[in-house]
Structures are given as C-alpha cells and as structure tokens.
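# Inside the fold
The residues making up each chain are set out below.
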Amino acid sequence: MTSDLEAGSERTPLLHPNRLSQLQHEQDEEAQSIISSAVTKEEHQLAGSTVGERLPYNDYTTIDWLHDLVKDSYRFRYIQSRRGYRYTLLSLFDACSGWIAVVIIGALTACVAFVVDVAVATVSDWKLGYCSSNPFLNREGCCKEQTPLLLRASSELSTEECAAWHGWSESYGKSFAIYVGMALVFGVISSSATMQTKGSLPSVGSDEQASTPTDASKANGPVVSVGEHMSESSNSKPTVPAGKVMYMAAGSGIPEIKTILSGFSIPSFLSLRVLVVKAFGAIFAVSTGMCLGKEGPFVHISTCVGYLVGNLFPKYRDNGRKMRELLSAACSSGLSVAFGAPIGGVLFSYEEISTYFTKKVLWRAFLCSLVAAMVLKALNPTGTGKLVLFETNYGTDYEPIHYLVFILLGVAGGVFGGLFCKLNFIWSKWFRSFSLIKKNPVLEVFIVVLATALLQFPNPLTREPGDIIIKNLLVDCNDGSPSALSWVCHNEAPSATTNWSYIGYLLYGTLTKLLLTIITFGIKVPSGVIIPALDAGALFGRLVGQLLPSISPGIFAMVGSAAFLAGVSRMTISLAVIMFELTGQLSYVVPHMLAILVAKWVADAISSESVYDLAQNVLGHPFLDPDVALQIVRKRNMTVHVLIPPARTMQEITVHVPPSNCVPHALLAAKLNQLRDRGLMDAGLVLVQTHHNSSTPILQGYIAQSELAFGLANLVPASQDPEAFQIRLLGHQVDDAPAPETLEVDLSPFVDRTPLALCAKAPLEYAVEMFSKLGLRYLCVTEEGTGALVGVVLKKRLVGFLEGLGEE
C-alpha cells in the first residue's frame, strides 16, 4: 500500500500508515466506513489517477466561525436599524432569546431524566422480583415504609421484611437463572433499539446540488440521504464512496459532541429520533446490570434537547456558531440531572466538552444547569426530596498520615485508568475482528450481558445497579442511621477474626469491574463509563479501608471512586466539585483533589489519551485539541509550508480571474466536479488575479464549494444553455466588457473577499492557533516578500497532518 503511494507523482503526507493500521483493527461495516472517512479511496488507485490529493475526514463538514460571526452581526444590525414598536419588541426578544432557550432546555432535560431514572429503578429490579401492590414500583418504592434502601445490598432480604415485594423464587439457582434471563432480554431490547439509529454521514452525490449556501453552516439537520454512487463508466469517472456509517445512539455520545462543538457537523446525531432511542435504550442497557451508566447518555440527551429547542429560534437555527454556543450551555444540564450536581455540570462542559466557552456561554450554562436541577428536585425521582444522591456524614476525620493513603488511591486510580484505555483498545482489536461479532453487534451485547450477569450475581456487592453499589459502599457504619443495618456494615462489624469472605467479595468486585468495564465499553448500546469507574474505585477504596480500622472505610471508598474516574476520564476541577455535590462532604475536598491529581499524572504516564480521546480516535472523529497540537508541533521546527497542498491540487482549486472579473460557466463546473471527485463537500475555490506588468498571482477571494454548487445549480436558468453564461466572481466590470448577447450570472455576493492568509515561512504554531482560536475552515498561504498565493489549507488537512505527527 505504501509503495503504491510512493509511486505516485504527488504523495500526500496525511495518510499516515499508523493511522490506517489503527483504524483497520475493526473490520465490520462501521469500521470500514471509518477507514473510508480517513482515506476515502484505495491508495493504489490514487497513484495513477487524475483525481489529485485526497484529505482525511471527507465525510465531515465544518462551519466557518468567522463567516457565522459576520452573518450574525448583519442580522443584529438589521434589527437594530429598524424603527417602530414591532422592531423594538423583536430586538428585546432577540436579546432574551438565549436565556429563554436555556431555561426551556434545562426544564425539558430534567423531565426526560425523571422518566429515565424512574424507569431504570423499576426495570432493573424486575430481575429480582416484582411488587404485588403495583408492578410498576421498584423495590424501594414497594418497601418504602418497611425497609431502608441500603438493605438492597443484602442477599437475605425476604418477604417477611417486605410483604409487598415478591422475589421470583426462593431457590438460589432459579433466582440466578431468572436474573440472567431478564438481563439478556433487556440487553437485546436495548441493542436492537440502537440498531435503528444506524445512519450515514452525507457524501458527495447528486443531492449536493440541491443544498443551499447555508447548509454547511448548520450544525446538525435532519437525516441527510447519501447520494447515489457514481458508477464507473467509459469516461472513467471515479466512484464516490458512501458516507461513513454510524450508530447514532450507541455509546455515551460525548466524543461526537466534542467533535460537533469543535466546528464539525454530524447530521441527524442530535435529532428527536436519536433522543428517544437514546433514552429508551439507556433504560434497558442500565437495567441489565452491565458496567455502564446513564450519565454519558444524559449529556447526549441534553444536547439533543438543546439542538431541538435552538431550532425554534432563527437566531440559532440559521447560524452554526450561535447554535454551538447554545449546545455548550445545554451540555451542562445533562450532568446536572445525572448527578444532581449543577455546578459540576457547568465545569464539566467547560473542561471536557466545549471548545468555545465565553463568559456569555458560562452564564447561560449556569442558568441551564440551575433550572435543570430545580425541576429535577421538584419532580423528585429518588423519593428523598434531595439532589444529593450519595449523602454521607462520616463521624471521623482524616489525619495528615492519611494523605499517604489518598496518594495510594490516586496511584491505583491512575493505573486503572491507564490500563483500561490500553486494554480496551486491545480487546476491541481482537474480539471485534471475528466475523460473527463484527456482523452481529447485538450478539456482542448478548455475550457481554451474559458474562456480566454470571460474574456479578454471585457477589452481593455487585448484584445491584451501579448507583446503588456506590451508595452501599459509601455508607458509614457508625453513624447510627438505618444504613448501619446494611449488608456491608453487617460484615464490617467488630469481631475476633478477620472476615476474609467479605474481603474476598471486595477484591472480587474490584477485579470484575475492571474486566467487565474493559469488554463493555464500545458495545452498541447507550452507555457511559462514569458509574463503572466510580464503582471500581469505591470497591477498591472500601478494601483499603479494611486495613485502617481507626477511620471509616467509607471515606476511602469515596476518595477511591474519584481517583478511578479521574484515571479514566482525566477530569480534574469538575470532578472534585462533582464529588462534593454528590456526597455533600465539603471537608473532603482536599483528599479528592490530591487523589484526582495523582491519578491523572499516573494515567497520563501510562496512556496519554483519556477514554473520550480514545473513543474519538477509534471511531475516527476529527478533533483539533490546541493544547495537544501545540505540544506535538513544538517538538519540531516546522513552518506553515509543510501544509501546502501538492501542485496538482492547487491547480484544481485555483481560478485565475481575468480583468473582466468573469469566467466561463464550464470552467467553474469542471472545477466543482474535481472537488466532488476528491470526495469533498466543504472545500472551495481560491480566486487569484495577475495585475498589469506582473506575473504574480495575487489572492482576491475564496468561494465555498456549497455556495458555488448552489449558484451554478439554481441561479442559472434551466431553460438556457449553461455554457453560454459568464459567471461574475469579483467586483464590477473593468474592461473587456462582454458582448451584449453574452449572458451573465453574478456570484460575487458568495465570494469571501477578505480570506485570512498566513506567510508560508511562519511557524506552524501560528496555523494551529488560528484554526483553533478563530475556528477557521480554511487558511490561505502566501509567499514571503511577493504575497503570491502558494496554497490553501483546510482544517481537515491540519487535523490529519497533526495526527500523523503524533503517531510517529
């Protein structure tokens, strides 16, 4: 493959062999589409073709942040310039529309979370039994007045303790079998629902001509149909590959949301259909007892709500930049309702997800998260009337000597996180390479559910849903509350001999959580990794606490859960705040901070990628992280010149505009077809002119591919011969006026007359900063001294080039 590339006259540096080998580890349909997204065509066909260089991520379109900024400024000035009572009200509504939108988003997100929380609590308990008084009540609601919640960890809870709750059988074997059978049914239901959201990203085809100039600026519209494949003919026109295949409701959705907020578009990912399937699938996925949680899906659900609400406001519907501001605020409400942590939700959106997070976005995210928390508290899905999910009240405090234990927990969390990222990739590469698995995603879910149920049911600590496991492990057995009667406290009661069976359960639970989380992450159901990481950390922390009888072991379970999650996700500030809001223990912020920092350092030393970075790479989503990019670039003394496309590519995208400022229709149509043959949708043509007494091509403007396609398809009358038209691209007519019989179409309003340019000798860091901080779609490169145009760099080119450097 490499030799074929080297045989070509122009070899692109973007198709890095390490990147290809990484993407080829999964050979199912979805993985093949990822490879197609990165490579687009078989490399050996490129060497001898006339298509020219191909870029990675051709299925993804980008928004132009500066273009959308100018468009919003025009809209604002138009409203402000109007006079009259009507426009005064319109101006006031426009100023308040962002605040109104986030209030609606927060309230709707809380309503969806309430339904999911109540449904999960009920459905998950159906594996153990049913409520005779009301089959739609969960075990806690059925036994609310007879037994405390924490007794759910006890394998000895009988019908004598709660007459209304009936187990499926008194026999351990039959109960075990029913538990496994119900879990398998739930898993198949969840995965089958997720399969219904299979879709393709748009690719170049006949449908592209029907698009409007603003399509590329929209965030995520309705499902975009993939254009028909162009067949090979005697004219040897290249076949345009289908768009990348995705299961929109699978996983947590956080990697895709990060991609969207960085300026790329994934059509239909935030649609109403995906929202409904995500919520429905999450209910049954969590109810299986698999090592996954609903917190990540809640972030996706809140972003879907944000997108749907934003489409009700023209200010956001017609502007990709403004829409992403709203989506950044909407993300915060997802974690707010997942954990009852409104402040942590805002910080999570800022630290982990959002690329563009101004003060205005921060304030609106704060309001959105606040409203979501208020509505959820009023709905009261847990029945406690409190937002704090795992409220604790430890009677003992830590001593300075315990800092060493907290550091140990941080080291363990970092090792867990680093190993998880590496082992999950190895497992995916091996297990999903089997033909039976890669063709049947539901079968993989079935196998994982079966393994999970068989391994977790024998252990009373891991038999319950993930959030109940954490609640049971954070309990303080000396506070005199009803929680002191739990199965955990019963086994930790002082005795003359060490309870080795209980210690074995803790160790067994820690190892099974590590193993099951590795094989579960990446399966085709709605799932998150936050709760499993917290479970594993709490189990390990409680195990460590058995060695220090002078202090409540629940403290180490609490700090251990934060350390393990930090190792997996590399969250820092937001995680410390979330843990405080989860437990209500402000005095333990310092241990949390210490363990979280140590866990992040250790995990970074083992694996530089967090779980979300890993998912982005495995799924093939483009993302430009300025911090990581600058670290890669600073190790090398490179200039912007390395990004300049080959000469053939520049010939294809350059239009030499004569002094008349008009070019033939046939020329632009041919240039447009060349862009489509390369599989591109959001590229464009650069316009240059050669002035009198000079041979230097001077940059004059840039016209986007989508706008050029719209102009040629819709502005030229269908009744006329297109070949007879001259297309005006620049300014007004100067000389060489066309003959009176010549037809003319003016596309100059679509031309960007002030494209940003950078000298070819400038450090590569300049390009990274401009693309990441300004949100550019393209950047023109000029020659030092003369100012002549020498290249055009697309954002996809920069992302692909940096990925190649990072893998060397």
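Residues numbered from 1 in each chain as written. Predicted model: local features only at pLDDT ≥ 70, side-chain atom pairs only at ≥ 80, totals over all residues. Heavy atoms only, no water.

### Overview of the state of the cysteines
A covalent bond bridging the sulfur atoms of two cysteines is what the word disulfide describes. Considering all chains together, one arrives at 1 disulfide under this definition. Across the disulfide from Cys-477 sits Cys-489; the S-S distance is 2.0 Å. Taking the sign of the S-S torsion, about -90° here, the bridge from Cys-477 to Cys-489 comes out left-handed. Of this pair, Cys-477 sits in the loop between helix H19 (466–473) and helix H20 (487–491) while Cys-489 sits in helix H20, and the two are 12 residues apart along the sequence. (Disulfide = S-S within 2.5 Å. Helix = DSSP H or I, 4+ residues; strand = E, 2+ residues; numbered from the N terminus.)

### Considering the sheet that holds strand E11 (residues 725–728)
Spatially, E8-E11-E12 is the arrangement adopted by the 3 strands of the open sheet, whose pairing is mixed. If you trace the sheet from one side to the other, it starts and ends with strand E8 (662–664) and strand E12 (743–746), each paired once. Ignoring strand direction, the axes of neighbouring strands in this sheet form an average angle of 35°. Two elements, E8 and E11, share 3 bridges in a ladder whose sense is antiparallel. Residue pairing for E11: Val-663 is matched across the bridge by Ile-727. The strands touched by helix H29 (residues 665–677) are E8 and E11; relative to E8, the strand with the most contacts, the crossing angle is about 70°. (Pairing = 2+ DSSP bridges. Axes fitted to C-alpha atoms, helices over the stretch in contact; angles between N-to-C directions. Contact = heavy atoms within 4.5 Å.)

### Observations concerning the sheet that holds strand E16 (residues 789–794)
Strand order in this open sheet of 3 strands is E14-E15-E16, and the pairing throughout is mixed. Both edges of this open sheet fall to strand E14 (757–759) and E16, since each of them pairs with a single strand only. Going from strand to strand, the sheet's axes swing by 30° on average, the running direction of each strand aside. Pairing of strand E15 (residues 778–782) with E16, which is carried by 5 bridges, proceeds in the antiparallel orientation. Residue Cys-780 lies in a different strand from E16, and its bridge partner there is Val-792. This element, helix H31 (residues 764–774), spans E14, E15 and E16 of the sheet and lies at about 150° to E15.

### Quick look at the pattern of salt bridges
Within this structure, the stated rule accounts for 16 salt bridges. One salt bridge connects Asp-94 with Arg-75, and the closest N-O pair in it is separated by 2.5 Å. In this pair, Asp-94 is assigned in helix H6 (residues 85–125) and Arg-75 in helix H5 (residues 65–81), connecting sequence segments 19 residues apart. Judged by its relative accessible area of 11%, Asp-94 is buried. A single salt-bridge network, built from bridges that share partners, covers Asp-72, Arg-75 and Asp-94. (Salt bridge = Lys/Arg side-chain N within 4 Å of Asp/Glu carboxyl O. Buried < 20%, exposed > 50% of the residue type's maximum accessible area, 1.4 Å probe, protein only.)

### Structural notes on the UniProt feature "transmembrane region" (unreviewed entry) in the chain
Mapped onto the present numbering, the UniProt feature "transmembrane region" (unreviewed entry) falls at residues 87–116, 176–195, 270–290, 326–349, 361–380 and 400–421. Across residues 270–290 one finds 76% helix and 0% strand; the C-alpha atoms that close the span lie 25 Å apart. In this annotation, residues 400–421 is assigned 91% helix and 0% strand; the end-to-end C-alpha distance for the span is 33 Å. (UniProt positions renumbered as here; feature names shortened; annotations may be inferred.)

### Digging into the packing of helix H24 (residues 573–583) against helix H25 (residues 589–606)
Packing of H24 against H25 brings their axes to within 9 Å, and their N-to-C directions diverge by 145°. Viewed along their axes, H24 and H25 form a crossing whose handedness is right-handed. Here Leu-575, Ala-576, Met-579 and Phe-580 of H24 come into contact with H25, specifically with Val-589, His-592, Met-593 and Ile-596. The class makeup of the residues in the contact of H24 with H25 is 7 nonpolar, 1 polar and no charged. (Left-handed = near helix turned anticlockwise from the far one by under 90°. Nonpolar A, V, L, I, M, F, W, Y, C, P; charged D, E, K, R; others polar.)

### Some thoughts on helix H15 (residues 359–379)
Because an α-helix packs 3.6 residues into every turn, residues spaced three or four apart end up facing the same way. Compared with an ideal rise of 1.5 Å per residue, which puts 21 residues at 30 Å, H15 spans 30 Å between its outermost C-alpha atoms and is within 8% of the ideal. Listed in full, the buried residues belonging to H15 are Val-361, Arg-364, Ala-365, Cys-368, Ser-369, Val-371, Ala-372, Ala-373 and Leu-376. At its buried positions, H15 is contacted by H6, helix H12 (314–317), helix H13 (320–339) and helix H14 (342–353). Just beyond H15, the residue with positive phi is Asn-380, at close to 55°. (Expected span 1.5 Å × (residues − 1).)

### Describing the pairing of E15
E15 sits mainly inside the fold: 5 of its 5 residues count as buried. Here E15 shows a buried face lined by Tyr-778, Cys-780 and Thr-782 and a second buried face lined by Leu-779 and Val-781. Strand direction decides the pairing type here: E14 and E15, joined by 3 bridges, are parallel. Each residue of the ladder has a partner; that of Ala-757, found in E15, is Cys-780. Where the polypeptide runs from E14 across H31 and back to E15, its parallel neighbour, the crossover connection is right-handed. A loop of 6 residues connects E15 with E16, the two strands running antiparallel in sequence, and Gly-785 in this loop sits at a positive phi of about 95°. (Right-handed = clockwise from strand over helix to strand, strands pointing away.)

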